[in-house]
Protein chains: 2
Amino acid sequence: MAKVLTSRSENYSQWYNDLVIKADLAENSAVRGCMVIKPYGYAIWEKIQAELDRMFKETDHVNAYFPLFIPKSFFSREAQHVEGFAKECAVVTHYRLMKDEENGGLKVDPSAKLEEELVVRPTSETIIWNTYKNWIHSYRDLPILINQWANVVRWEMRTRLFLRTAEFLWQEGHTAHETSEEAVEETLKILGIYSTFAEEFLAIPVLKGLKTDSEKFAGALDTYCIEALMQDGKALQAGTSHFLGQNFAKAFDVKYASREGREEYVWATSWGVSTRLMGALVMAHSDDNGLVLPPKLAPQQVVIIPIYKTPEEYAATRERAHAIKDSLKKLGVSVKVDDRDTQKPGWKFAEYELKGVPLRLAIGPRDMQNGTIEIARRDTLTKEVIAQDQLTTVIPALLDEIQRTIYNKAFKFRAENTFNVDTWDEFLVQIEKGGFISAHWDGDAATEKMIQDETKATIRCIPLDSVAEAGLCVRTGKPSVRRVIFARSY
Amino acid sequence: MAKVLTSRSENYSQWYNDLVIKADLAENSAVRGCMVIKPYGYAIWEKIQAELDRMFKETDHVNAYFPLFIPKSFFSREAQHVEGFAKECAVVTHYRLMKDEENGGLKVDPSAKLEEELVVRPTSETIIWNTYKNWIHSYRDLPILINQWANVVRWEMRTRLFLRTAEFLWQEGHTAHETSEEAVEETLKILGIYSTFAEEFLAIPVLKGLKTDSEKFAGALDTYCIEALMQDGKALQAGTSHFLGQNFAKAFDVKYASREGREEYVWATSWGVSTRLMGALVMAHSDDNGLVLPPKLAPQQVVIIPIYKTPEEYAATRERAHAIKDSLKKLGVSVKVDDRDTQKPGWKFAEYELKGVPLRLAIGPRDMQNGTIEIARRDTLTKEVIAQDQLTTVIPALLDEIQRTIYNKAFKFRAENTFNVDTWDEFLVQIEKGGFISAHWDGDAATEKMIQDETKATIRCIPLDSVAEAGLCVRTGKPSVRRVIFARSY
């Protein structure tokens, strides 16, 4: 079979695009920057959603839904927020089309102009805090712990499937609290959920850290993030959790009567992950043959392919394949039998390799005689033959092992690609090779910008587990008290 | 406690609005016609989604996601469709805001005008069929059975929470088939799913039928629907399933190589239900005290309220309440204990009555002595005292009984409010009283319009189970072969 993907070493970026399209995850649409998420891609997103939703609900969050449109003036209410979010966005100016008598087709009805333009939400802090104003009067109304699953739009000029699209899907949490301490605790609790989810489900090790002032969310006091390292040595921000202080409460005048009877502004957090996680999942684990999916998020964990020459062999292997499927389904394993007679086994093998199905079982006439079956692992591309009556113990154990192996491989990759760098010369060399660079920084935004202008590297985060360590800024030589993480990023 | 709702007899419409807001289902937002779905309302919607999604997947449908925006020109491609859907809609004309130096705040950047305006999807046939064109080449690519959960926007001038809002949430199925027969079969299969869902989960009996040409979907050959009767005698269309023929395949040039090697246009269906179902649920069952929720869709099926005077009684009843909760949760019953000491029992009783929790349990000091507990049913407002050790058998049985009782009540109401009418005088009298009118119609769209203009009644559907019966049109006296259903509607 012909190679369907550009190899990673040849062109990593092209490999990613090829893979997303050829594995049927997503494709570009007729609308600039907007993607179509295809059924196979969407099935993975549904699994991501289901696990996160469960984790949010277990920590007392509830879902709700707020309007897609935000009045333009709302963005001017919070001074920092307007800078960050009210620029490149989709603006609704009219509410009617009419027949275009001159040119045929349709045209905008000029008489149907909105008094105030509406912005398609790029994020929902403003409309939500405008709503919370009516919901919050006393400390008895707090906390509010709401999450929303929604589509959002940011008019990105350069887009890439999943990583940066004009429209994307995400969840956005918006919580309201009595005290600063409680809001910070919530911010960190969510960061913990994101990190657990990334490591246990996506099988991607992440750094938990704090963003610098230049990188934080527009309107936040502190932005916490999880940062992952991709196979090409570039970083990817996989989720953010913001401590918003009282900024939005002040902008939308949201006060509550405290336990002591005083009027106080409410404390806020917001947090989100998006379909960008799909991009991280693809880039962290996949290889030149296609996707490598962690079993916990694979739409099908096992595929069974009957091998046959005669109609009798077809009937027999097919029947056995379905019997095995039924026995595995009872254990909660998701299984597909591909018994189409319109495609050859070799074609099917390549297809499921491309699609990253964790385990492929093949059963032929000889296996029927011997009571055996061939198992191929997608992650290691290794094969073994086992007794069919072992399947119900072997398969669940193998799925667990694959999940662990994929994580360990990514963990090892990150360890081997994280470097303590202490001189600027070394920095300049290492940044070209990629990876996380742990280096001292003087804490000055001007230095940060200078480094970015000179190397395209940004400070990904100040890791939460970083230890106090006296040192000298890698760029300026000024004193520094701890290392931060630099990288080029998506 | 003060009455919180307008009564149904006083003002049904006001009762509905009061109830939706006071039971915390939804509220109007700062954006004209767009609603905020509050956590309690959204929890019901999530249950609706979960059940429908399961039913779609059991019948081999998969989910996917298509862009929010549709290029304006796409709407002109299908001649009927443009009439129905490209008029009152939200139009994106620009992609950037800028500082308004003169007036402060923000203004639209005139240099960021889109070459072609984008319409926020009112429904997705056009963008989806434009995509299917690239996915379908041969009969091997068929059928495509895709569903999408999404938000849509139609610029309605007169809006009502859930029933008619500018933005609403829905699912839209879009399927592609080799033959007309297969597409019609799919259309009816989905109609069956909608009807089963309405009757078994919403507990609302529905008429399955065909829309007349004037009422069908713009672009469909046939529109099938389920129609429900509300307590005020008005009809509500609760779901539609369209046989689209080859209209969209022709508009977007989607052909396939058939088994016989010929090029053929693909056959299509589309179908949807929306957050409108929330409105139907409220209006079909609720009463002057608040919501009445069918147990299968209630976010909490049981609430337990401890009754106490002394701290010792508080501790004891509270502990028992939580023990009962745990034993019921093991049976899959969703239970909340409201042990707040900030509210009196009477306040809590009224609150859960308003919110429609199917069963309310109250446990006080005397119950602690006697091993008893009081159960109050929301649907009948009846109470009984039973032994606590009976709860695990009584509660699940009662929940089943409530689900049945609510359905039966709605069924009886519909039966008592469906009338065979054979004269125009009778029609004029009955239509003022409300209900479904089963009457003969001559099949002429002009007659249908005349009846609507004179009485505001529309033909809700031609029921699928209607029997051939010779008769005379109730308005014109011309011959007719079967009765159709007339009603005023939402």
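Residues numbered from 1 in each chain as written. Chains lettered and ligands numbered in written order. Predicted model: local features only at pLDDT ≥ 70, side-chain atom pairs only at ≥ 80, totals over all residues.

> Can you explain the overall build of chain A? Please cite residues and give values.
For chain A, the count of helices and strands is 13 helices and 26 strands. The dimensions of chain A, computed from C-alpha atoms along their principal axes, are 80 × 70 × 55 Å. When the 490 residues of chain A are sorted by exposure, 47% land in the buried category. Look at the contacts in chain A between residues 6 or more apart in sequence, and 67% of them connect residues 24 or more apart. (Helix = DSSP H or I, 4+ residues; strand = E, 2+ residues; numbered from the N terminus. Buried ≥ 20, exposed ≤ 12 C-beta atoms within 10 Å, placed from the backbone. Contact = placed C-beta atoms within 7 Å.)

> Before we move on, can you summarise the relation of the copies chain A and chain B with the specific residues and values?
With an RMSD of 0.0 Å, the fit of chain A onto chain B corresponds to turning through 180° and sliding 0.0 Å along the axis. Such a turn and shift between the copies fits a two-fold axis. Across chain A, the smallest distance between a C-alpha and the rotation axis is recorded for Val92(A), namely 2.1 Å. (Least-squares fit on C-alpha atoms with pLDDT ≥ 70 in both.)

> An account of the domain arrangement of chain A is requested, with residue identities and associated values reported.
All names here are of chain A. Along its sequence, chain A is organised into domain 1 (12-285), domain 2 (302-398) and domain 3 (418-487). In this complex, domain 1 contributes 16 residues to the contact, which on the side of domain 3 involves 15 residues. Those elements giving two or more residues to the side of domain 1 that touches domain 3 turn out to be β10 (207-210) and β11 (222-229). Of the residues in the side of domain 1 that touches domain 3, the class split is 5 nonpolar, 4 polar and 7 charged. (Domains from an automatic or database assignment. Nonpolar A, V, L, I, M, F, W, Y, C, P; charged D, E, K, R; others polar.)

> A description of helix α8 (residues 311-329) of chain A should follow, citing residues and the corresponding values.
Residues and elements named next belong to chain A. The end-to-end C-alpha distance of α8 is 27 Å, a good match for the 27 Å that 19 residues give at a rise of 1.5 Å each. Looking only at α8, the buried set comprises Thr317, Ala321, Ile324 and Leu328. Projected down its long axis, α8 carries its buried residues within an arc of 65°, all on one side. The exposed set on the far side of α8, more than 90 degrees from its buried face, consists of Pro311, Glu312, Ala315, Ala323, Asp326 and Lys329. (Expected span 1.5 Å × (residues − 1). Arc of directions from axis to C-beta.)

> Could you give me a rundown of the environment of Gly233(B), with the residues and numbers involved?
Residue and element names in this part refer to chain B. Inspection of the secondary structure assignment puts Gly233 in the loop between β11 (222-229) and β12 (235-245). The exposure class of Gly233 is partly exposed, given the 18 C-beta atoms found within 10 Å. Here the alpha-carbon distance between Gly233 and Asp379, two residues 146 residues apart in the chain, equals 20 Å.

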